[in-house]
Amino acid sequence: RIKACAKEIKEYPSFEYTISYLCNKTSLSPFKLQEGFKQLYNVTANDYVRDMRLEKAINLFKTTDLNISQVVYSIGLTSRSYFSKIFKNKFKCSPRVFRKKK
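In short, a report on the structure. (Residues numbered from 1 in each chain as written. Predicted model: local features only at pLDDT ≥ 70, side-chain atom pairs only at ≥ 80, totals over all residues. Heavy atoms only, no water.)

**So, unusual backbone geometry**
We apply this condition: The helix count covers DSSP runs of H or I at least four residues long, the strand count covers runs of E at least two residues long, and both are numbered beginning at the N terminus. Only protein chains enter the accessibility calculation, which uses a 1.4 Å probe; a residue whose area is less than 20% of its type maximum is buried, one above 50% is exposed, and one in between is partly exposed.
Even without being glycine, S27 reaches a positive phi, approximately 60°. Position of S27 among the secondary structure elements: in the loop between α2 (19-26) and α3 (30-41). Residue classification places S27 among the exposed positions, given a relative accessible area of 58%. Of note, the phi angle at N42 is positive, near 60°, even though the residue is not glycine.

**Regarding the packing of helix α1 (residues 2-11) against α3**
Let me state the cut-off plainly: To get an axis, a line is fitted to the C-alpha atoms, and for a helix only the part in contact is used. The angle between two axes follows their N-to-C directions and goes from 0 to 180 degrees. Throughout, the term roughly parallel applies to angles under 35 degrees, roughly antiparallel to angles over 145, roughly perpendicular to angles from 65 to 115, and oblique to all others. Here, residues are in contact when the closest pair of their heavy atoms is within 4.5 Å. Gly is put with the polar residues, along with every residue not named as nonpolar or charged; the nonpolar set is Ala, Val, Leu, Ile, Met, Phe, Trp, Tyr, Cys and Pro, and the charged set is Asp, Glu, Lys and Arg.
Interaxial distance between α1 and α3 falls to 10 Å at its minimum, and their mutual angle equals 80°. The orientation of α1 with respect to α3, classified from their angle, is roughly perpendicular. Between α1 and α3, the residues in contact are I2, K3, C5, A6 and I9 and L33, G36, F37, L40 and Y41, respectively. Of the residues belonging to the contact of α1 with α3, the class tally is 8 nonpolar, 1 polar and 1 charged.

**Focus: the side chain of D51**
With respect to the secondary-structure elements, D51 resides in helix α4 (residues 45-63). Classification of D51 as buried rests on a relative accessible area of 12%. Apart from residues lying up to four places away in sequence, D51 is in contact with V43 and K90.

**Considering α1**
We apply this condition: In this context, the arc is that of the directions from the helix axis out to the C-beta atoms.
Among the residues of α1, I2, C5, A6, E8 and I9 are the ones counted as buried. Buried residues along α1 cover an arc of 160° about the axis, so they all sit on one side. Every exposed residue of α1 that faces more than 90 degrees away from the buried side is listed here: K3, A4, K7 and K10. Against α2, α3 and α4 lie the buried residues of α1.

Structure, rendered in structure tokens:
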């Protein structure tokens, strides 16, 4: 059930996933959901969603000419500053620097 849920998140990262939604989708308790993600992917469910969104952002930077704000909205986020923060934490550079390197 966790793998099917993770597959959906990977395919549709822009959807607004909540723990309640994921628990209903998998018929698991919040504890079991988090435990399953930790065992399979070594991250929490929320971190997995965030990582899939960042992967999608990287793909969009590489394959499109969308500006940073357009990428932010297309991956399901609404705050460009939050996106920049999580992007820098994961990739050790800003989205702007990454885009220029591309």
